Amino acid sequence: FSYKWVYNFGSDGKQDAANATASINNHLFVAGYMSSEHGVVSRFIAKLNSSDGKEIWKKTFPSRINKTDGAYEDVIITSNNGLILTGVSNSELGGLEGFKSYGNPTSGNLFVQYFDNSQIIGSLPPQKPTWEIEMKGLVSGKAIRESYDEKAFLIASATNDEAAIANIVKLNLN
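This write-up is about the structure you can find in this document. (Residues numbered from 1 in each chain as written. Predicted model: local features only at pLDDT ≥ 70, side-chain atom pairs only at ≥ 80, totals over all residues. Heavy atoms only, no water.)

1. Remarks on the sheet that holds strand 5 (residues 69–77)
- The strand order across the open sheet built from four strands is 5-6-7-8, with neighbouring strands paired in antiparallel fashion. Each edge of the sheet is formed by a strand with only one pairing partner; in this case those strands are strand 5 and strand 8 (131–135). Each neighbouring strand pair of the sheet contributes to a mean axis angle of 20°, computed without reference to strand direction.
- One ladder, built from seven bridges, connects strand 5 with strand 6 (residues 83–91); its direction is antiparallel. Residue Val75 lies in a different strand from strand 6, and its bridge partner there is Leu85. (Pairing = 2+ DSSP bridges. Helix = DSSP H or I, 4+ residues; strand = E, 2+ residues; numbered from the N terminus. Axes fitted to C-alpha atoms, helices over the stretch in contact; angles between N-to-C directions.)

2. Points about unusual backbone geometry
- Phi at Lys151 takes a positive value of approximately 50°, unusual for a residue other than glycine.
- Summarising the element assignment, Lys151 is placed in the loop between strand 9 (143–147) and strand 10 (152–158).
- We classify Lys151 as exposed; its relative accessible area is 60%.
- Of note in the backbone geometry, Ala164 takes a positive phi value of approximately 45° without being a glycine.
- Looking at the secondary structure, you find Ala164 in the loop between strand 10 and strand 11 (166–172).
- Owing to a relative accessible area of 36%, Ala164 belongs among the partly exposed residues under this scheme. (Buried < 20%, exposed > 50% of the residue type's maximum accessible area, 1.4 Å probe, protein only.)

3. Examining the packing of aromatic side chains
- Summed over the entire model, instances satisfying the criterion amount to six aromatic pairs.
- Where Tyr7 meets Phe9, the ring centres are 5.6 Å apart and the plane angle is 25°; that geometry is what we call stacked.
- The structure contains a cluster of three or more aromatic residues connected by ring pairs, namely Tyr7, Phe9 and Phe44.
- The cationic tip of Arg43 hangs over the ring face of Phe111; the distance from NZ or CZ to the ring centre is 4.4 Å.
- A cation sits over an aromatic face here: Lys59 above Phe61, 5.5 Å from the ring centre. (Phe/Tyr/Trp six-rings, centres within 6.5 Å; stacked < 30°, edge-to-face > 60°. Lys NZ or Arg CZ within 6 Å of the ring centre and 35° of its normal.)

4. A word on the environment of Gly141
- Checked against the element boundaries, Gly141 lands in the loop between strand 8 and strand 9.
- Each C-alpha atom, one on Gly141 and one on Gly39, is 23 Å from the other, the two residues being 102 residues apart in sequence.
- Setting aside residues no more than four positions away along its own chain, Gly141 makes contact with Glu73, Thr86, Gly87, Leu110, Ile155 and Ala156. (Contact = heavy atoms within 4.5 Å.)

5. Let's talk about the sheet that holds strand 10
- With antiparallel pairing, the three strands of this open sheet are ordered in space as 9-10-11. Strand pairing shows two members of the sheet lacking a second neighbour, strand 9 and strand 11, which therefore form its edges. The sheet shows a mean angle of 25° between the axes of neighbouring strands, direction not considered.
- Bridging between strand 10 and strand 11 involves seven bridges; their strand directions are antiparallel. Bridging from a neighbouring strand, Ala152 pairs with Asn172 of strand 11.

Right, dumping it as structure tokens:
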């Protein structure tokens, strides 16, 4: 085995990470999180050329509540060539400590965000998603999969209380 390229992003001493990737039409989408100069962690997505790893665009999406953290945990290409992402938003500052290496965020809400194909094919990042929903009572979307025959998305999550009870959420597309 050998590797062809490496994509680096983020800054020393900041909380930055890639959590998931998805590819379509010789492009790779990298989803994760990135810290601002003020210490707030935002959802981060980048589009790369898959042949050379060069960045085409990148964009952060802050949580809806000011001064709260957020992160993408999973991303997939949908059956209509859109991009759907899930993760955590509106987590208290520092609530992502140990995120991905030690377990769940300590606060926040599951969200699902969708970008249609026209928003992701170009050389400029989308300014906002086609749609976004937040599910209070669930801490984060760990994984998302499309159920083609049911025209739905299935999301793995857990409750955002101390019990952290596992959940599968079915999101219908009607």
